[in-house]
Amino acid sequence: MQHHNATLDRTFFALSDPTRRGILERLSGGSATIGELAARFGLTLNGVKKHVGVLEEVDLVTTTKVGRSRECQLGSAELADVTAWIESYRRTLEGRLERFGAYVEARTGGDG
């Protein structure tokens, strides 16, 4: 079940931070400038730029220069590799739980 994929690793890293997840949630409602995101999350402009940069690396966010501002919107990243990894892991865990359940049932004679 070892899926070593650099893009997958970077995507999970990008999603691991609560601020970055918050940025994605905010952008799901529409675009926002770096300044608006900084105000919302109580961060400096540079702090938000760093978070947005991590999200941009995996195409979860895109930015465009609009006048003197940088506007952020959700990117076009397809999370198929992330979804596939999670689904594979879920199937493995469910299989283990089913085997454990069968073991317990066999040991207790189904009285559980």
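Counting from 1, residues in each chain are numbered in the order their sequence is written. With the structure being a predicted model, the display of local features is reserved for residues of pLDDT at least 70 and the display and counting of side-chain atom pairs for 80 or more, all residues being used for whole-chain, interface and lining totals. To get the side-chain values, all heavy atoms of the structure are used, and hydrogens and water are removed first.

1. Some remarks on the confidence of the model for the protein chain
Should pLDDT be low for a region, the predicted coordinates there are not to be read in detail.
Consideration 1: Mean pLDDT over the protein chain works out to 90, with 94% of the residues at or above the 70 mark.
Consideration 2: Note on scores: pLDDT gives the predictor's confidence for each residue, bounded by 0 and 100. Comment: elements are numbered from the N terminus, with helices defined as DSSP H or I runs of at least four residues and strands as E runs of at least two. When pLDDT is averaged over each helix and strand of the protein chain, the minimum, 88, is found for helix H5 (residues 80–108) and the maximum, 98, for strand E1 (residues 32–33).

2. Focus on the sheet that holds strand E2 (residues 61–66)
Consideration 1: Strand pairing follows a simple DSSP-based rule, namely that at least 2 bridges must link the two strands. Sheet architecture is open: three strands sit in the order E1-E3-E2, paired in antiparallel fashion. The two strands at the open ends of the sheet, each matched to only one other strand, are E1 and E2.
Consideration 2: The sheet contact formed by E2 and strand E3 (residues 69–74) spans six bridges and is antiparallel. Counterpart to Thr63 in the pairing with E3 is Cys72.
Consideration 3: Together, E1, E2 and E3 form the strand contacts of helix H2 (residues 18–27), whose direction differs from that of E3 by roughly 85°.
Consideration 4: Contacts were defined at the residue level, with two residues in contact if any of their heavy atoms lie within 4.5 Å. The axes are straight lines fitted to the C-alpha atoms, using for helices just the contacting stretch, and the angles between their N-to-C directions are given from 0 to 180°. Those strands touched by helix H4 (residues 45–57) are E2 and E3, and its axis lies near 120° from that of E2.

3. Digging into the pattern of salt bridges
Consideration 1: Whenever a carboxyl oxygen of Asp or Glu lies within 4 Å of a side-chain nitrogen of Lys or Arg, that contact is scored as a salt bridge. The final tally for this structure, using the stated rule, is three salt bridges.
Consideration 2: Here Arg91 ties to Glu87 by a salt bridge, and the two come within 3.6 Å at their closest N and O atoms. In this pair, Arg91 and Glu87 both sit in helix H5, four residues apart, roughly one turn of the helix.
Consideration 3: In this structure, the salt-bridge partner of Glu94 is Arg90, at a minimum N-O distance of 2.5 Å. Residue Glu94 and its partner Arg90 are both found in helix H5; the two are separated by four residues, about one turn of the helix.

4. Observations regarding unusual backbone geometry
Consideration 1: Within the chain, Asp59 stands out as a residue other than glycine whose phi angle is a positive 60°.
Consideration 2: The topology assignment puts Asp59 in the loop between H4 and E2.
Consideration 3: Type-normalised accessible area, obtained with a 1.4 Å probe on protein chains alone, sets the label of each residue: buried when under 20%, exposed when over 50%, and partly exposed for intermediate values. Classification of Asp59 by relative accessible area gives partly exposed; the value is 28%.

5. Comments concerning a positive patch on the surface
Consideration 1: Only residues above 30% relative accessible area that lack a salt bridge enter a patch, with like-charged residues linked at up to 9 Å and the nonpolar side chains Val, Leu, Ile, Met, Phe, Trp and Tyr linked at up to 5 Å. Calculation of accessible area relied on Shrake-Rupley with a 1.4 Å probe; when residues are assessed, cover is drawn exclusively from the protein chains displayed. Neither His nor the chain termini are counted; the positive set is Lys and Arg, and the negative set is Asp and Glu. To locate a charge, take NZ of a lysine, CZ of an arginine, CG of an aspartate or CD of a glutamate. Taken together, the side chains of Lys49, Lys65, Arg68 and Arg70 make up a positively charged region of the molecular surface.
Consideration 2: Take Lys65: it is sitting in strand E2.
Consideration 3: Given a relative accessible area of 56%, Lys65 falls into the exposed group.

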